[in-house]
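A look at the structure
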Amino acid sequence: MTHRIAGIELGGTKCVATLCDDQRRILDQTTVPTTSPDVTLPALSAILARWACDSPFSALGIGSFGPVGLTPHTPDFGHITATAKPGWRNADVLGILSGPHDVPCRFDTDVNAAALAEGRWGAAQGLEDFAYVTVGTGVGVGLVVHGRPTRGLGHCELGHIRVPRLPGDIWPGHCPYHGDCVEGLAAGPAIKARLGQKPLHEATAQDPVWTGVAHALAQMCHGMLMSCGPHRILIGGGVANGQPHLRGMIERMLRESVAGYIPLPGEPFILPPALGDQAGPLGPIALGFSALESVRPGSPVSRAQPLLAAGNG
Ligand code: ADP
Ligand code: ZN
């Protein structure tokens, strides 16, 4: 039987609904602006309903901007939690989108989902331990350990760790919670503020900010390497893609910082994601594939609570 997999990526500015076949070929893809939950979630639900009406899909994956609740059997599970985005706090994304569909479903952060897509089809294929970092409006990290994104009290928030500063750099940083955490030093809005609000599409490699940006990201990578030992770190997002010189700087600084203590491979360790523009939209498709695979062959495909509860990559 050919399966069709539905995926919903919820981003801060737009959401992408994707329908794939079981060879990961995209059958349909629609973009919906992220406005308020009362408008955006019903619009996404309508797309799912249309697809289900044509021919039922076999699994659903949802990857969302965060923070989100990922602990099963808690009131927050499947909800967006502490976001500053107006109207979205406590939005029941999973309940609203998956409710009408009696199929296996998996829910995760957008960046964890994209990491799993890169692991399945992109630049981390064959690796059980790797990281996917997006440097854009924020710094998001999907850290995959033994094949699963890290879990615990919340989900991976490595973009908000504090790291040693570049000697002499006392700029206070731009994160409203932590000031000079990695996101407060290296995300797009921080860089823009540091450049006197210069639009970043006009930024060049000569602007005097990249050493500090690369240093903060290299220190974050150092922390990941020493804690979880990823075999590769993929770095994408609007800032990294718009400033391709950054990856080489981060790689050099990381190697210098690690100082041979862990033998890094000779080939580049920091790479761009391979799925390009589709890394985000294919993330929820990867979640949907995982949900489908976790249903034992021969057992009825049903959205049983234990499967939902297992919703972790
Ligand atoms: P998001 O993180 O919201 O999903 P993106 O990954 O596209 O979105 O990142 C958006 C960020 O990338 C913005 O802060 C934007 O200013 C920044 N950006 C866009 N173009 C460039 C560029 N050429 N150089 C550096 N930063 C850029
Ligand atoms: Zn922070």
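Our structure is the block above this text.
Sequence order as written defines the numbering, with residues in each chain counted from 1. Both sets of labels track the order of writing: A upward for chains, 1 upward for ligands. Confidence filtering applies because this is a predicted model: local features only for residues at pLDDT of at least 70, side-chain atom pairs given and counted only at 80 or more, and all residues used for totals across whole chains, interfaces and linings. Based on all heavy atoms of the structure, the side-chain values leave hydrogens and waters out of the count.

**A word on the overall build of the chain**
- The helix and strand tally for the chain stands at 10 helices and 12 strands.
- Over its C-alpha trace the chain gives a radius of gyration of 19 Å, about what one expects of a compact globule, namely 20 Å for 313 residues.
- The dimensions of the chain, computed from C-alpha atoms along their principal axes, are 60 × 40 × 35 Å.
- Under the scheme applied here, a residue whose accessible area is under 20% of the maximum for its type counts as buried, over 50% as exposed, and between as partly exposed, the area being computed with a 1.4 Å probe on protein chains only. Classification of the 313 residues of the chain by burial places 52% in the buried group.
- About 13700 Å² of surface is accessible on the chain, with carbon and sulfur atoms providing 56% of the total.
- Counting rule applied: Lys, Arg positive; Asp, Glu negative; His and chain ends not counted. Note on charges: their place is set at NZ of Lys, CZ of Arg, CG of Asp or CD of Glu. Looking at the chain, you have 22 positive and 25 negative side-chain charges, and the mean spots of the two groups are 1 Å apart. Strands here mean DSSP runs of E at least two residues long; helices mean DSSP runs of H or I at least four residues long; both are numbered from the N terminus. C-alpha atoms define the radius of gyration in this analysis, and the globule rule sets the expected value at 2.2 Å times the number of residues to the power 0.38. Areas reported as accessible are Shrake-Rupley estimates using a 1.4 Å probe. Residue values count occlusion only from the protein chains shown.

**A look at the site of ligand 1**
- Each residue is tested against the molecule or strand, and it is near if at least one of its non-hydrogen atoms lies within 4 Å. The immediate surroundings of ligand 1 are formed by Gly136, Thr137, Gly188, Pro189, Leu200, His201, Gly237, Gly238, Val239, Gly242 and Gln243.
- Within the contact set of ligand 1, a nitrogen atom lies 3.3 Å away from a backbone nitrogen or oxygen of Leu200.
- N or O atoms closer than or at 3.5 Å make up a polar contact, with two conditions inside protein: a donor-capable atom paired with an acceptor-capable one, and, for residues adjacent in sequence, both atoms drawn from side chains. Contacts to ligand 1 include Gln243, whose side-chain N or O atom sits 2.8 Å from a nitrogen atom.
- Look at ligand 1: alone it shows 580 Å² of surface, and the protein chains cover 60% of it.
- Of all the secondary-structure elements, those providing two or more residues to the shell around ligand 1 are α5 (188–194) and α7 (238–242).
- Lys, Arg, Asp and Glu make up the charged group, whereas Ala, Val, Leu, Ile, Met, Phe, Trp, Tyr, Cys and Pro make up the nonpolar group; the residues left over, Gly among them, are polar. Its residues assigned to classes, the shell around ligand 1 shows 3 nonpolar, 8 polar and no charged.

**So, the pairing of strand β11 (residues 233–236)**
- Burial along β11 is two-sided: Ile233 and Ile235 facing one way and Leu234 and Gly236 facing the other are all buried.
- Pairing between strands requires that DSSP locate at least two bridges from one strand to the other. Bridge count for strand β6 (residues 130–135) against β11 is 4 bridges, and the pairing is parallel. If you follow Ala131 over to β11, its bridge partner there is Ile233.
- Pairing analysis gives 2 bridges linking β11 to strand β12 (residues 270–271), with the strands arranged parallel.

**Digging into empty space enclosed by the protein**
- In the cavity and pocket records, a cavity denotes points on a 1 Å grid over the protein atoms alone where a 1.4 Å probe fits but cannot get out, a pocket denotes an open set with protein on both sides within 12 Å along at least 5 of 7 lines, and lining residues are residues with an atom within 4 Å of a point. Grid points are joined across faces, edges and corners, and a volume is the space filled by probe spheres set on the points. Under the criterion given, the structure shown has 1 cavity of 30 Å³ or more.
- Roughly 100 Å³ of volume is contained in the largest cavity.
- Taken together, 15 residues line the largest cavity, and the ones lying closest to its centre are Asp169, Leu185, Arg194, Gly212 and Val213.
- Tallying contributions element by element places helix α6 (residues 210–228) first for the lining of the largest cavity, with 4 residues.
- Split by residue class, the lining of the largest cavity holds 10 nonpolar, 2 polar and 3 charged.

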